[in-house]
Amino acid sequence: HLTYHPTLDRMSCWALVLVAFAALGRAAHGSDGSDGDVESPGWIAPPVALGPAPYAEWAHHHWVWLAGAGRGQSDLIQLARDYIGRSIRVGAIDVDNSWSTGYNNFIFDQTRFPDPAGMVATCHAMGVRVILWATSMINVDSSNYFEGYNRGFYIRAIDGKQATVEWWLGKGSFIDYTNPSALGWWHQQMDQALTAGIDGWKVDGTDPYIMELGVARGFAGEVSPRQYSDLFYGDFLNYTRSKLGQDRLIMARPVDGYGPVFYAYSPKYAMTSGWVGDQDDTYAGIAEALKRYLQSAWAGYANFGSDIGGYRAPQNRTFDVLLRWAGLGAFSPLMENGGEGEHRPWMLTPTDFTARVYRHFVDIHYALIPYLLSIGSTALTSGTSVLTPLAKHEDFIDRLIDDFHPSTYDYLLGPDILVAPVTANSTTVKVLG
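Residues numbered from 1 in each chain as written. Predicted model: local features only at pLDDT ≥ 70, side-chain atom pairs only at ≥ 80, totals over all residues. Heavy atoms only, no water.

**Examining the side chain of K291**
Assignment of secondary structure puts K291 in helix α7 (residues 283–298). Under the relative-accessibility criterion, K291 is labelled buried at 3%. (Helix = DSSP H or I, 4+ residues; strand = E, 2+ residues; numbered from the N terminus. Buried < 20%, exposed > 50% of the residue type's maximum accessible area, 1.4 Å probe, protein only.)

**Observations regarding the packing of helix α2 (residues 73–85) against helix α3 (residues 116–125)**
Taken N-terminus to C-terminus, the directions of α2 and α3 make an angle of 0°; their axes are 11 Å apart at the nearest point. In terms of axis orientation, α2 runs roughly parallel to α3. Across the interface between the two elements, Q73, I77 and R81 of α2 pack against P116, M119, T122 and C123 of α3. Split into classes, the residues belonging to the contact of α2 with α3 amount to four nonpolar, two polar and one charged. (Axes fitted to C-alpha atoms, helices over the stretch in contact; angles between N-to-C directions. Parallel < 35°, antiparallel > 145°, perpendicular 65-115°, else oblique. Contact = heavy atoms within 4.5 Å. Nonpolar A, V, L, I, M, F, W, Y, C, P; charged D, E, K, R; others polar.)

**Some words on the nonpolar core**
Formed by 122 residues in total, the largest nonpolar core has its most connected members in W99, I175, W201, F236 and L413. When residues of this core are assigned to their parent elements, the largest contribution, eight residues, is made by α7. (Core = buried A, V, L, I, M, F, W, Y, C linked by side-chain atoms within 4.5 Å.)

**Focus: the packing of aromatic side chains**
In the structure shown here, the tally under the stated rule is 30 aromatic pairs. Ring geometry for F174 versus Y228: centroids 5.6 Å apart, planes at 80°, classification edge-to-face. One end of the pair, F174, is in strand β6 (residues 170–174); the other, Y228, is in helix α6 (residues 225–244), and 54 residues separate them in sequence. Of the two residues, F174 and Y228, both sit in the buried class. Both rings, one in W186 and one in F236, keep their centres 6.4 Å apart while their planes meet at 90°; by these two values the pair is edge-to-face. In this pair, W186 sits in helix α5 (residues 180–194) while F236 sits in helix α6, placing the two residues 50 residues apart along the sequence. For the pair W186 and F236, one class covers both residues: buried. (Phe/Tyr/Trp six-rings, centres within 6.5 Å; stacked < 30°, edge-to-face > 60°.)

**Points about the confidence of the model for the protein**
Taken residue by residue, the protein gives an average pLDDT of 89. The fraction at 70 or more is 88%. Note on residues 1–38: pLDDT is under 50 here. Beyond four places in sequence and across chains, it has 17 contacts. (pLDDT = per-residue confidence, 0-100.)

**A closer look at the environment of R129**
For R129, the location among the structural elements is in strand β3 (residues 129–134). Its relative accessible area of 21% is what places R129 among the partly exposed residues. In this structure, the C-alpha to C-alpha distance between R129 and D94, residues 35 residues apart in sequence, is 8.5 Å. Excluding residues within four positions of it along the chain, R129 makes contact with W58, G91, A92, I93, H124, D199, D247 and R248. A distance of 3.0 Å separates polar atoms of two side chains, one belonging to R129 and the other to D199. (Polar contact = N/O pair within 3.5 Å; in protein donor to acceptor, adjacent residues only side chain to side chain.)

**Structural notes on the pattern of salt bridges**
Inspection of every chain in the model, using the stated rule, returns 17 salt bridges. The partner of R253 in a salt bridge is D256, with the nearest N and O atoms 2.4 Å apart. Taken individually, R253 and D256 each receive the classification buried, so the pair is uniform in this respect. R356 is the salt-bridge partner of D352, the closest N and O atoms lying 3.1 Å from each other. On the accessibility criterion, D352 (45% relative accessible area) is partly exposed. For R356, a relative accessible area of 39% translates into the label partly exposed. One salt-bridge network, held together by shared partners, links D204, R253, D256, E288, K291 and R292. (Salt bridge = Lys/Arg side-chain N within 4 Å of Asp/Glu carboxyl O.)

**Considering the sheet that holds strand β18 (residues 417–419)**
If you trace the three strands from one edge of the open sheet to the other, you get β16-β17-β18, paired in antiparallel fashion. Of all strands in the sheet, those bounded by a partner on one side alone are β16 (387–389) and β18. The sheet shows a mean angle of 30° between the axes of neighbouring strands, direction not considered. Pairing of β16 with strand β17 (residues 411–413) involves three bridges; the strand directions are antiparallel. Across the sheet, P389 pairs through a bridge with Y411, a residue of β17. In the packing of α7 onto the sheet, contacts are made with β16 and β17, and the angle to β16 comes to roughly 105°. (Pairing = 2+ DSSP bridges.)

**Some details on the side chain of D199**
Tracing the sequence through the fold places D199 in the loop between α5 and β7 (200–203). Separated by 2.7 Å, the side chains of D199 and H124 make a polar contact. Apart from the residues lying within four places of it in its own chain, the contact partners of D199 are W58, H124, R129, V130, I131, R248 and L249.

**Some remarks on α5**
A rise of 1.5 Å per residue sets the reference length of α5, with its 15 residues, at 21 Å; its end C-alpha atoms lie 20 Å apart and thus fit the reference within 8%. On its buried face, α5 is in contact with β3, β4 (137–139), α4 (145–150), β7 and α6. For α5, the capping residue at the N-terminal end is N179, with a side-chain oxygen 3.0 Å from the backbone nitrogen of S181. (Expected span 1.5 Å × (residues − 1).)

**Regarding a nonpolar patch on the surface**
The grouping of L390, L418, V429, V431 and L432 at the surface amounts to a nonpolar patch, some 410 Å² of accessible area in total. Mapped onto the fold, V429 is located in the segment after β18. Residue classification places V429 among the partly exposed positions, given a relative accessible area of 40%. (Patch = residues over 30% accessible without salt bridge, like charges linked within 9 Å, V, L, I, M, F, W, Y side chains within 5 Å. Areas by Shrake-Rupley, 256 points an atom, 1.4 Å probe, with all protein chains shown as cover.)

**Observations concerning the sheet that holds strand β5 (residues 165–167)**
Strand order in the open sheet formed by three strands is β4-β6-β5, with antiparallel pairing between adjacent strands. Both edges of this open sheet fall to β4 and β5, since each of them pairs with a single strand only. The average angle at which neighbouring strand axes cross in this sheet is 50°, direction not considered. Bridge analysis of β4 against β6 gives three bridges, and the strand direction is antiparallel. Paired with M137 across the bridge in β6 is F174.

See below:
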C-alpha cells in the first residue's frame, strides 16, 4: 500500500514542473542557446547504457514438469501445450529422472525419447526452454560405470579404494572433479545430451552423501564436502555455458534439510533458479518450504522457489493447497510446478476455477519479471538474497535444525514487496507475525 504524504507530493509536483520548463526551454532555444530550430534529442537526461544481467531472464519464468518425466517425450510436449492452450504461460520444462538409460550416462532412452533434438526444437518453438535432471553419481549398473572405475575416475574413501554409496536411486560412485582426465571423460558423457541443444540441468542433491565416506579423497588429495559441492554444481553450470552459451542455467538446491539439520548445497553464484527440496502436498508442506526459504535467504542465496503443490503426494493434492502454493510461487524468484501426483490445475476441480486462478498468479509473476531480474542480478553479484525474512535469526538452534519455528514466515521480496504466505486452510492471514 502507498501512503499519501502532502509535503512529498508538493515536492514531486514542483520537481515535475521544473523538469517540464527545462524541457520546453531546450526545445525552444536549442541546447546551444540558439533559437528554436534545433531538433530536440527526445530526452532530458542522457540515456545510460546498462550492462547485461548476469543470468538469463527465463530463470524467472514459470516452469513445469512431471515426476519421472511421465511416459516421456510426448507427455512433456503435451504438458507444455496443455498449459499454453489454457493461456497459462510456460517458460521452461524440466525433464525429470528416467530420461536416460542409466544414472548418469547421459544417453537418452530412445523408447521414451525417440527424438531429443526434435523435442527441444518443438519446445523452443513454443518459447519453452528444456532442462534435464542429473547428478554427479554414476550407478554401478549404468553402462559407463566400469569404464570410469577401471580408469580410476571416482572419489576414494579413506582406505584408498574407489567408494560406492547407496542413494535414493541405487548404488553408485562420485565422479572425481579434481582429476583432469576424469573431468574430460565426464564432459564427453555430458556432450551426448548437450548435442540436443538443451538449456540447462536440474542438478539434484546427491553431494551430501560424500560425508558418508568420512574422509573423501580425489586425485588432488582430500576433498571436503563443501569443495565437492562447489565443483559439482559449478561444473554443470560452467561447462554447459562454455558449450552452449551464457543463457544456460542450472536448477539446484540452496539450503535444504539433510536428516535433522540444514545443508547448504549449491555455491551461491550458481543460484539463479533454486528450489528448496521436497515437501508434502499439504499446508504443513507450505510451511516446510518456507522454513527453507528463510534459511536459504539467511545464508545469502539469491533466487529460489519451491515445487508448487509439494513434490510428494501422500494426501491426494487438493485445489486449495495448490492455489495457496501458487500464490507463494507468484511472489518467489522462481515459480515452478511439478512432482508426484496430479499438479495440473485444470484437473483438480470440475470447473475451470482452479485454472483461472492459477493463470492469474502466473500473470502476476510475469509482470514482476523485470523487478525480479533487477533485484536478482544485484543479489547474485553481491552474495545476498532477494528475500529478507522478517523473522529474527538469533537463536543458535534455529540456525542449525530443520524443524525450527520462526515467529513469522513473512518476508520482503526485494525492497518494495511484502509477502505474507498463507500456511493454513483459512481465508485470513495475520501479517507480520
